[in-house]
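Inside the fold
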Amino acid sequence: MPDSHTETKDSHTIEAGAVQTGDEAELARMGYKQELKRDLSMMQNFGVSFSIISVITGVPSLFLFGLTTGGPAVMVWGWVVVAFFTMMVGLAMAEICSAHPTSGGPYFWAAMLAKPDIAPFASWVTGWFNLLGQVAVTTGISYACANFISTACTLGTNYQPNSHKTVGIYAAVLFAQGMINTFGVHILKYLNNVSVWWHAVGTTAVAIAVLAAAPKHQSAKFVFRTFIDGTGVDGIGWSQRASPAYVAVIGILMAQYTLTGFDASAHMTEETHNAAMSGPIGIVMAIGVSALLGWFLILALLFSMQDYDTTIASATGQPVTQIFLDTVHEKGAIVLMVIVIGAMFFCGTFSVTSNSRMMYAFSRDGALPGSSFFHKVDRRWRSPIRTVWLACTLSFILGLPSLGSSVAFSAATSIATIGLYISYAIPIALRVLYAPRFTRGPFHLGAFSYPIASAAVLWIAFISIVFCLPELNPVDSQTLNYAPVAVGIVVVYALGLWALSARRWFAGPVKQIADSGTAEGMGINITDPAAMAEKPGAYGAAEKS
């Protein structure tokens, strides 16, 4: 190993067969012990990302936003465009994941791909953006679940939802998800199997049910060609104040937010067999399957909509719920809402799982405040329980602005999208800039690697600007998109702490095994999983305060 930030493998390509039989050995070569329980298959790894992308969570939760911000045409064709570029991002990430299959994910990749003198800084910034995105995406998912539970409670009852009640439900949802990730970690892989089928069969069932039961269907012209600007609070939308193109580009938020979170496959690689192939395939499969299923769901809902004005002004507050009521009536709507809410709950549960693994890895390397406290794996459950509850707590706090802002939810989704995608972009950009430093794994793109990575970085730069723009006109305290504020706070904190302190002690990912090539310095047989899991590690830098 030439320096503390980078690692050179013995050969240009990691042989797939070696990875299949030596996940712990590969982890040791990256400098880490096997502490998490490695118990997931490739399909289960795919299932985590598929469950977190969860088109039946993202599409219904932002359906009102889509209907009023560009309308059906932007929802349908925006999805196609976003899916294409998201696949570019996913392929570029999958190639890097294959070379560095560790739960640190993007921030670890940044350290490995950057030049030694900038590797700690690249890792530091990437990690904080990823952490921001992970927290915000958990917020968006679980708050949407709370919203839909609140809406479902109004069907056939006199229940009157309000923001305070919804926040209470939100807290209960996060608590339940935290408890599952604390005491039910041994059943997560089985829950994952249920979740994959629930999402696949449930999404298909919802789409078919509304299409089959709809008294009438919208025309193809309405679905594929109708542009609607409902961004004006006072009637004057952004298409008049700016241009229709402005409305169209901010309208792709529904698609881009939904197709987010596939880095979960990378964060779960330390718990996955044959990680150097399973992780990358999990990323690509999750995007591809979700893109197709999501487009089908959008088309089904739009064709089944009975009346646009009635749908967006629904007394339920959720256009999707109104579509259910108009097509399958109240009892049928309750059944479909249960399917949607169940999917949202699964999605949030696995988002907490992925979030906690990222925080665990970040604290393992000394980057989180209180790292020595948070870098603990419970011996009984083999799970980072402290970061599970840190993830739940931070996600709850980020959801509190919903008490006083009409755009708080869409802002949270913007924050999630910006944070996660910037953390994806940094290692991809470093892979382009410092191509000779990249040692490819068994999954690679060959001659397409450079153009795909370049396209991915340009797309992320574009959406990171777009999703900071105002969504409603005019802009005031109620309609302010606070995504730039939240992102700015993290940027100021991360850069400020780096300048004041972290640059003197944060050296990037900290090796637990002094000689990652052979581990002989600690007397560990890296081919023996028991030895890797049980041998005490020589942890790197202690946390500085």
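Our structure is the block above this text.
Just so it is clear, the structure is predicted and the values come from calculations on it, not from any experiment. Every chain's residues receive numbers from 1 upward, in the order its sequence appears when written. Under the rules for a predicted model, residues below a pLDDT of 70 receive no local features and side-chain atom pairs below 80 are neither given nor counted, while totals for whole chains, interfaces and linings still include all residues. Processing note: side-chain calculations cover all non-hydrogen atoms of the structure and skip hydrogens and water entirely.

Moving on, we get to the packing of aromatic side chains. Think of it this way: a Phe, Tyr or Trp ring, Trp meaning its six-membered ring, pairs with another when their centres are within 6.5 Å, and the plane angle makes it stacked under 30 degrees, edge-to-face over 60, tilted otherwise. A full pass over the atoms with the stated rule returns 25 aromatic pairs. Geometrically, the ring pair formed by F85 and W459 is stacked, given 4.5 Å between the ring centres and 5° between the ring planes. Of this pair, F85 sits in helix α6 (residues 71-99) while W459 sits in helix α22 (residues 449-466), placing them 374 residues apart in sequence. Think of it in three bands: with a 1.4 Å probe and only protein chains considered, a residue is buried below 20% of the maximum accessible area for its type, exposed above 50%, and partly exposed in between. Looking at F85, the relative accessible area reads 24%, which means it is partly exposed. Seen from their ring centres, W124 and W498 are 6.0 Å apart, and the 45° between their planes marks the pair as tilted. On the criterion of sequence distance, the pair formed by W124 in helix α8 (residues 119-152) and W498 in helix α23 (residues 483-505) is long-range, its members being 374 residues apart. The buried category is assigned to W498, whose relative accessible area is 14%. Among the aromatic residues, those joined into a cluster by ring pairs are Y107, F121, W124, W128, F362, Y493, W498, W505 and F506. For a lysine, the NZ atom is tested; for an arginine, the CZ atom; a charge sits over a ring if that atom is within 6 Å of the ring centre and within 35 degrees of the ring normal. Of note, R386 hangs over the ring of F373, and the distance from its end group to the ring centre comes to 4.2 Å. For the purposes of this entry, the term helix denotes a DSSP run of H or I that reaches at least four residues, the term strand denotes a run of E that reaches at least two, and both are numbered from the N terminus.

The angle between the axes and the distance between the axes are what describe a pair of packed helices. To get an axis, a line is fitted to the C-alpha atoms, and for a helix only the part in contact is used. The angle between two axes follows their N-to-C directions and goes from 0 to 180 degrees. Closest axis-to-axis distance for the α6/α22 pair is 8 Å, and the angle between their directions is 125°. Our classification of the angle between α6 and α22 gives oblique. Judged by the twist between their axes, the crossing of α6 over α22 is left-handed. Touching V81, V82, F85, M88, V89, L91, A92 and E95 of α6 are S449, I452, A453, A456, W459 and I460, all from α22. In terms of residue class, the contact of α6 with α22 is made up of twelve nonpolar, one polar and one charged. Oblique is the label for every angle not falling under 35 degrees (roughly parallel), over 145 degrees (roughly antiparallel), or within 65 to 115 degrees (roughly perpendicular). Each helix crossing is assigned a hand: it is left-handed if the near helix lies turned anticlockwise from the far helix by less than a right angle, otherwise right-handed if that turn is clockwise. Should any heavy atoms of two residues lie within 4.5 Å, those residues are counted as being in contact. Classification used: nonpolar for Ala, Val, Leu, Ile, Met, Phe, Trp, Tyr, Cys and Pro, charged for Asp, Glu, Lys and Arg, polar for all others including Gly.

Structural measurements only, silent on function.
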